[in-house]
Amino acid sequence: MTAPAVPATASSSIPVRRWGLDLAATALLVTISLVGFWPTFAGPSFLPAVIGGIVLGLAIAAVAAWRRWGILIITGLTVAAYFVFGAALALPQTAIIGVIPTIDTLQKLALGPVTAWKQMLTTVAPVAAADGHLIVPFLLALVVTTLTASLALRFSQVAWALIPAGVLLMLVIALGTPEPAFPVVQGLVFAVVSIAWLALRQLWAPQNMAVSVSEVDPSRASHMRMRRLLAGVAVLAVAGGAGVATSAIASPVEPRHVFRDVIIPPFDIRDYPSPLQAFRKNVRDEVDETLFTVQGLPKDARIRTAVMDQFDGMVYNVTDGGPTSSSAFSPLRSNMSPDAEGIPVTLKIAVDEYDGVWMPTAGSLSEIRFSGDREEELRRGTYVNTATGTAVATPKLEKGDEYTVDAVMPNEFDDKQLAEVPFGKVTMPKQSNVPEELTSLAAETVAGAETPIEQVRALETFLSEGGFFSHGLEGEVLSRAGHTAERISTLIGGDQMIGDDEQYAVAMALLASQLEIPVRVVMGYYPDEEQAGEAVFTATGDNIHAWVEVNFEGVGWLPFNPTPPEDQVPNDQNTKPRVDPKPQVLQPPPPPQEPVDLPPTLPDDRESEDENLNLAGIIGAILLIGGISLGILAILMSPFIVIGAWKAAKRRARRAAARTADRISGGWDELTDRAVDYGARLSPGGTRIEEATAVVATLAVPQVVGLADRADAEVFGPSEPTPEDVEAFWGEVDEIVGGLGKDAGFWKRTKARLSLRSLMSGSAISTGIQGLREAATARVRREPGTIENSSTSTPVAPESETP
């Protein structure tokens, strides 16, 4: 007599071993899938949330199957579990004693299912568990476990339960990083558990018993089932071993693509100009202004604002790309440098006259907390680069802003400790347009150095002891601003090296890069000798500096100062070449001249009248000549006045457009018009990226490409740009245009201002001239007796005269 069949929906009559199998298999499959978040969180910090979600999901599915509750009750229980246990498992930092939910906790849990995905995808991995990113794994574990276990317990075919588990595996891969967690083990274990689950459920089904109990004794039937089970396990083991062996020697055909690859980055630091370009301006205009104050700064510590590691011949800037480069900024989060070694410090920074996006910070950043009226705005608009220890606030810091920085100050090392330490194996960007003479000079400078630290000290000493300091301000020796290839070549190749931090830091960085030393330029502030030891560091324009950092293996980035001391200034004796003066020869006095015989003066009664008439005539002639001259000048200048007024009217119309998106487009048109006036040739109908490429190729203004991307994003974005976005965009346009005029000479600048190219571009006159040219070309092609060959036409004899 065979065992009676169990109805598929009779959950209360399901054998206990099947309950245990279904719940255990569900827990294993969900855990295996969610382990893929390991690289995203850089460790197991997300596992408590995953385990808690799995346990809750299994409990809800089991109780609902036992009580035969429907889908509405299961959904309600799942939502209740999410809000009740979400505080402890997903948002413990917002809960009371890490368990009891608060209003903030409930608010974030309510918004989490909608916003948590975007926040995690737009944050550069690894993400921090304390920033609320645990909502994603907790929610996935809870929902998928409840769904998978419910399907397994309620249906006789377990294949339905494998669908949500398989979808979860793919979803975790898509939400993760391009670097997989444990790809071979993860896929193999998922496959083995799935197949074993299917096999056991099929084997334990009452209608699939191996033999009838009435025909064969139960012990033999049990032995047959065990043999089939062991055979299946053996097959899985062989298949798994073959898969592991194959994957070990096989290379992936193409890289792994995830959602992060297609998410538009929320922030690009290269949209902002390099702060090093404004170094001399800061020194000149802010020398006596209190920019910001810092409490808690250790002795000999430095405040950094920007780190730059790529040179293109025009400017030292952040690198364009790379997850660990100087341009890899990610949204603000907590516990940003968990592996940093050194002395923990807490700095309280209050902003006064400082105005910019680059935030004053120090050390390896761990956490930044804002306070004040703009707390939320600054928190949402701040991005951090943990590789360089820099931060930027896109809303721009303003007077009255305050924030606290938790950081780890690196340990100090002397030359003896670094005697045997090699340079760090850090991938640095390739420098371009470096003056050729720096290669040989770098080799000569370090010729006698034997260790890496000796090489760096040799470069530092060559500049700091062999040069002179000058900002080039009023009352100082001439020292041009800038750090272009031409400026650095002039600094090195002149009779005397004269400059300030901007030139010397870039010069040492370029010299070191020629020796393949990992080096970067840092800009920031630090106290002078008079301020050393004060409880509060008051930063002014006089405290701004630029220095060099070199990476040593196992030590990190260490600072070096190639700038000469400020009292090491040039004077007449050590800057001017010595010239042998020539003896002065006294010239003989001029010979006396014969007196000139003058005619006698005759008295005249009309003398006074004539003098008055002559004076009036002279004044009249002067006025007549002046009026004529002014009229002629006005006539001659009228075309130029009209050109200037025309351009100014176009500019005002662009800035005053009705839609903010049209103002952004107008700003880009204003930039391209000025570029055309300075000689750039733009193809009609080109995209902004194509126009930017043409401008860069002609005028070498690399920041135009980033501005083009920003214009496209603002114009074609989902929402209208704000008036603040428009002002910021036009500000960058004016800065670039001003740079074009600053770099050009007087005649080129005047020629650009009077140029008609931008006014004629796209006009009816321009179109007509182009049409005439095309018509003339077509006519030449149609004339008999000519054969067009590329760019020339060769006359030939008529066919009748051909020999």
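Keep in mind that this is a model prediction, so the values were computed, not measured.

A. How the structure looks around the overall build of the protein. If you tally the helices and strands in the protein, you get 24 helices and 19 strands. Put simply, the protein has 803 residues, and 40% of those count as buried. Residue pairs in contact within the protein that sit at least 24 positions apart in sequence constitute 75% of those at least 6 positions apart. When the accessible surface of the protein is summed, it comes to about 45,000 Å², and 60% of that surface belongs to carbon and sulfur atoms.

B. Summary view of the pattern of salt bridges. In the structure shown here, the tally under the stated rule is 25 salt bridges. Across the pair Arg 651 and Asp 734 runs a salt bridge whose closest N-O atoms are separated by 3.1 Å. With Arg 651 in helix α17 (residues 607-655) and Asp 734 in helix α21 (residues 723-743), the pair connects residues that are 83 residues apart, well separated along the chain. Arg 651 gets classed as partly exposed once you look at its relative accessible area, which sits at 26%.

C. Just a positive patch on the surface, in detail. Side chains of Arg 681, Lys 748, Lys 751 and Arg 757 sit close together on the surface and give a patch of like positive charge. By secondary structure assignment, the location of Lys 751 is in helix α22 (residues 746-753).

D. Spotlight on the pairing of strand β14 (residues 519-525). Among the 7 residues of β14, 7 are classified as buried, and the element is accordingly described as predominantly covered. Burial along β14 is two-sided: the residues Val 519, Val 521, Met 523 and Tyr 525 and Arg 520, Val 522 and Gly 524 are all buried. Note: β14 against strand β16 (residues 544-552), 7 bridges, orientation antiparallel. Note on β16: the bridge partner recorded for Tyr 525 is Ile 544.

E. Structural view of helix α7 (residues 159-175). Along its 17 residues, α7 runs 25 Å from first to last C-alpha, staying within 8% of the 24 Å computed at 1.5 Å per residue. What α7 keeps buried is the set Ala 161, Leu 162, Pro 164, Ala 165, Gly 166, Leu 168, Leu 169, Val 172, Ala 174 and Leu 175. In this structure, the buried residues of α7 make contact with α1 (16-34), α5 (103-121), α6 (135-154) and α8 (183-203).

F. Representation of the environment of Leu 754. With respect to the helices and strands, the residue Leu 754 is situated in the loop between α22 and α23 (757-760). Along the backbone, Leu 754 and Ile 643 are 111 residues apart, and their C-alpha atoms lie at a distance of 6.6 Å.

G. Spotlight on the side chain of Arg 520. As for its position among the elements, Arg 520 is in strand β14. For Arg 520, a relative accessible area of 5% gives the class buried.

H. Highlighting the packing of aromatic side chains. Considering all chains together, one arrives at 13 aromatic pairs under this definition. Where Phe 41 meets Phe 46, the ring centres are 5.5 Å apart and the plane angle is 25°; that geometry is what we call stacked. Relative accessible area serves as the criterion here: at 4%, Phe 41 is assigned to the buried category. Ring plane angle 90° and centroid distance 5.8 Å describe the contact between Phe 292 and Tyr 354, whose orientation is recorded as edge-to-face. Residue Phe 292 is located in strand β1 (residues 292-295), and its partner Tyr 354 is located in the loop between β6 (343-351) and β7 (356-359); the two are separated by 62 residues in the primary sequence.

I. Quick peek at the packing of helix α4 (residues 71-89) against α5. Viewed as axis vectors pointing N to C, α4 and α5 meet at an angle of 115°, and their least axial separation amounts to 10 Å. In this structure, α4 crosses over α5, and the sense of that crossing is right-handed. Judged by residue contacts, Tyr 82, Phe 83, Gly 86 and Ala 87 of α4 engage Thr 105, Leu 106, Leu 109, Ala 110, Gly 112 and Pro 113 from α5.

J. Spotlight on unusual backbone geometry. For Lys 396, which is not a glycine, the phi torsion comes out positive at approximately 75°. Positionally, Lys 396 belongs in strand β10 (residues 390-397). Backbone geometry places Asn 433, a non-glycine residue, at a positive phi of 55°. Within the fold, Asn 433 resides in the loop between β11 (402-409) and α12 (437-445).

K. Molecular detail of the sheet that holds β6. One open sheet accounts for 5 strands, arranged β8-β11-β6-β1-β15; its pairing is antiparallel. The sheet is open, and its two borders are formed by β8 (364-371) and β15 (536-539), each paired with just one other strand. Pairwise comparison of adjacent strand axes, ignoring direction, gives a mean angle of 20° for this sheet.

L. Examining the packing of helix α18 (residues 660-677) against helix α20 (residues 703-715) more closely. Two numbers describe how α18 lies on α20: the axes approach to 9 Å, and their chain directions differ by 155°. Put simply, α18 runs roughly antiparallel to α20. Handedness of the crossing formed by α18 with α20: left-handed. Contacts between α18 and α20 involve Ala 661, Ile 664, Ser 665, Trp 668 and Leu 671 from the first element and Val 704, Leu 707, Ala 708, Ala 711, Glu 714 and Val 715 from the second. For the contact of α18 with α20, the residue count by class is 9 nonpolar, 1 polar and 1 charged.

M. Focus on the environment of Ala 125. Structurally, Ala 125 is set in the loop between α5 and α6. Assessed through its relative accessible area of 29%, Ala 125 is described here as partly exposed. The spatial distance from the C-alpha of Ala 125 to the C-alpha of Phe 41 is 7.0 Å, given a sequence separation of 84 residues.

N. Here's a closer look at a negative patch on the surface. On the surface, Asp 288, Glu 289, Glu 476, Asp 528, Glu 529, Glu 530, Glu 534, Asp 542, Glu 566 and Asp 567 cluster together into a negatively charged patch. Along the chain, the position of Asp 288 falls in the loop between α10 (279-285) and β1.

O. Examining the sheet that holds β16 more closely. Spatially, 4 strands are ordered β2-β14-β16-β17 in an open sheet, and the strand pairing comes out antiparallel. Edge positions in the open sheet fall to β2 (303-308) and β17 (556-560), since each of these has one partner strand only. Within this sheet the neighbouring strands show an average axis-to-axis angle of 35°, counted without direction. Judged from the 5 bridges that link them, β2 and β14 form a sheet pairing that is antiparallel.

P. Main features of a nonpolar patch on the surface. Taken together, Trp 38, Phe 182, Val 184, Val 185 and Val 189 make up a surface patch of nonpolar side chains, about 380 Å² in accessible area. For the nonpolar patch, the leading source of residues is α8, giving 3 residues. Structurally, Val 184 is set in helix α8. For Val 184, a relative accessible area of 31% corresponds to the partly exposed category.

Q. The arrangement of the confidence of the model for the protein in detail. Per-residue pLDDT for the protein averages 77, and the proportion of residues at 70 or more is 75%. Every residue in residues 242-253 is under pLDDT 50, and counting partners more than four places away or in other chains gives 3 contacts.

Calculation notes
Residues numbered from 1 in each chain as written. Predicted model: local features only at pLDDT ≥ 70, side-chain atom pairs only at ≥ 80, totals over all residues. Heavy atoms only, no water. Helix = DSSP H or I, 4+ residues; strand = E, 2+ residues; numbered from the N terminus. Buried < 20%, exposed > 50% of the residue type's maximum accessible area, 1.4 Å probe, protein only. Contact = heavy atoms within 4.5 Å. Areas by Shrake-Rupley, 256 points an atom, 1.4 Å probe, with all protein chains shown as cover. Salt bridge = Lys/Arg side-chain N within 4 Å of Asp/Glu carboxyl O. Patch = residues over 30% accessible without salt bridge, like charges linked within 9 Å, V, L, I, M, F, W, Y side chains within 5 Å. Lys, Arg positive; Asp, Glu negative; His and termini not counted. Charge placed at Lys NZ, Arg CZ, Asp CG, Glu CD. Pairing = 2+ DSSP bridges. Expected span 1.5 Å × (residues − 1). Phe/Tyr/Trp six-rings, centres within 6.5 Å; stacked < 30°, edge-to-face > 60°. Axes fitted to C-alpha atoms, helices over the stretch in contact; angles between N-to-C directions. Left-handed = near helix turned anticlockwise from the far one by under 90°. Parallel < 35°, antiparallel > 145°, perpendicular 65-115°, else oblique. Nonpolar A, V, L, I, M, F, W, Y, C, P; charged D, E, K, R; others polar. pLDDT = per-residue confidence, 0-100.

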